[in-house]
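Structural features, examined
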Amino acid sequence: MPTRAPELDRLTAAAALAEVRELLAQHQERVLHPAYVATGPVGLCSDLHLPLMDADLFAQFLGALERHRCREVALVGDLFDQEAFSSHPPGLRTPSADFQVELELARRTLLALLAHVDRLYLLPGNHDVRVLRALKYQLGMLDLVRVILPEAGLLRGGTGTVRVAGKDRELVVSRLPRLELRVYGQPWVLLHPASYSKVRGRTATLFADQEASHVAIGHVHHFHQGLSTNGRWHALELGGLFNPKLLSYVHEGPKPGTTMTQGFFILGPSGPIGYSPDPGGES
């Protein structure tokens, strides 16, 4: 006859369920970040597409962080461009920088951001994972950031500390293109979606409806401030800090549609404050 383990004899249904919950939680916390709580205003930017970033707009973003006393900033995907790993036909590719140059630019850009804030949230975008795709995803976003900022350590749980300008700064790296954040008690979901609408504002509205939350969207290359269908939730499209004149595939393969617009946002105590240098931007 099979032997009985004494501890199983004493196991209750409630205790068995509790053990299942504990094991699930231990695994799931490694997959999804918990909702972070901001301690004040938060700067939001996306789509830098290094080395195609607009340096003047980046400087204006850093200035806005100072003016609004932001101690936290979120970069919602596409720090890199990684055109060398693009699937675009060679004739439509932007002349690519050496990937080592992109890595160095990414390092210096992240350090510039960290010098202004206490915590930086970094989400992967579709351009950031181009090199990971070429490596058949044997490495992930955390590995890429470890190459850029080895000072941050192993990034266990997606978090690390970097000492910049005489102060420890926290780096939070999401494995997924989604992060939940509470700002002034309000729920925000930051997203770099896989696909988007060419109609300005449509993508953010769809996600605000779906998430039942305020949302801020990267990837769409539109700057827009709107609301969910029920009017309850903010629906932001972040524009980006890229320089559209440098995206040669846009000019070499022109298609009708909404013009790309740059921009960024600050989440303040009274709600989102948007900035765009483009006449077509909305705020």
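These notes cover the structure that comes with them. (Residues numbered from 1 in each chain as written. Predicted model: local features only at pLDDT ≥ 70, side-chain atom pairs only at ≥ 80, totals over all residues. Heavy atoms only, no water.)

Bringing a nonpolar patch on the surface into the picture now. On the surface, a nonpolar cluster with roughly 260 Å² of combined accessible area is contributed by Leu 17, Val 20 and Leu 24. The residue Val 20 is located in helix H2 (residues 13-28) in this model. (Patch = residues over 30% accessible without salt bridge, like charges linked within 9 Å, V, L, I, M, F, W, Y side chains within 5 Å. Areas by Shrake-Rupley, 256 points an atom, 1.4 Å probe, with all protein chains shown as cover. Salt bridge = Lys/Arg side-chain N within 4 Å of Asp/Glu carboxyl O. Helix = DSSP H or I, 4+ residues; strand = E, 2+ residues; numbered from the N terminus.)

In this section: the layout of surface pockets. The space that makes up the second largest pocket amounts to roughly 150 Å³. Forming the boundary of the second largest pocket are 15 residues, of which Pro 124, Gly 125, Val 129, Arg 175 and Pro 177 lie nearest the centre. (1 Å grid on protein atoms, 1.4 Å probe; cavity = no way out; pocket = protein on both sides within 12 Å on 5 of 7 lines; lining within 4 Å. Points joined across faces, edges and corners; volume = space filled by probe spheres on them.)

Let us look at the sheet that holds strand S3 (residues 72-76). Whenever strands of a sheet pair, they do so through backbone hydrogen bonds, lying parallel or antiparallel. Spatial ordering of the open sheet is given by S5-S6-S4-S3-S2-S12-S13, a layout of seven strands whose pairing is mixed. Two strands lie at the open edges of the sheet, namely strand S5 (159-164) and strand S13 (271-275), each paired on one side alone. This sheet shows a mean twist of 20° between the axes of neighbouring strands, independent of strand direction. Relative to strand S6 (residues 167-173), S5 runs antiparallel, the two being bridged by six bridges. (Pairing = 2+ DSSP bridges. Axes fitted to C-alpha atoms, helices over the stretch in contact; angles between N-to-C directions.)

Pro 51 follows Leu 50 through a cis peptide bond whose omega is 15°. Non-glycine residue Tyr 184 carries a positive phi angle of around 50°. Within the fold, Tyr 184 resides in the loop between strand S7 (178-183) and strand S8 (186-191). With relative accessibility at 39%, the residue Tyr 184 sits in the partly exposed group. (Buried < 20%, exposed > 50% of the residue type's maximum accessible area, 1.4 Å probe, protein only.)

A few words on the sheet that holds S7. Ordered in space as S1-S7-S8-S9-S11-S10, the six strands form an open sheet in which the pairing is mixed. In this open sheet, the two strands that pair with only one neighbour each are strand S1 (36-37) and strand S10 (223-227). Across the sheet, helix H7 (residues 202-211) is in contact with S7, S8, strand S9 (214-217), S10 and strand S11 (234-238); its angle to S11 comes to roughly 140°. (Contact = heavy atoms within 4.5 Å.)

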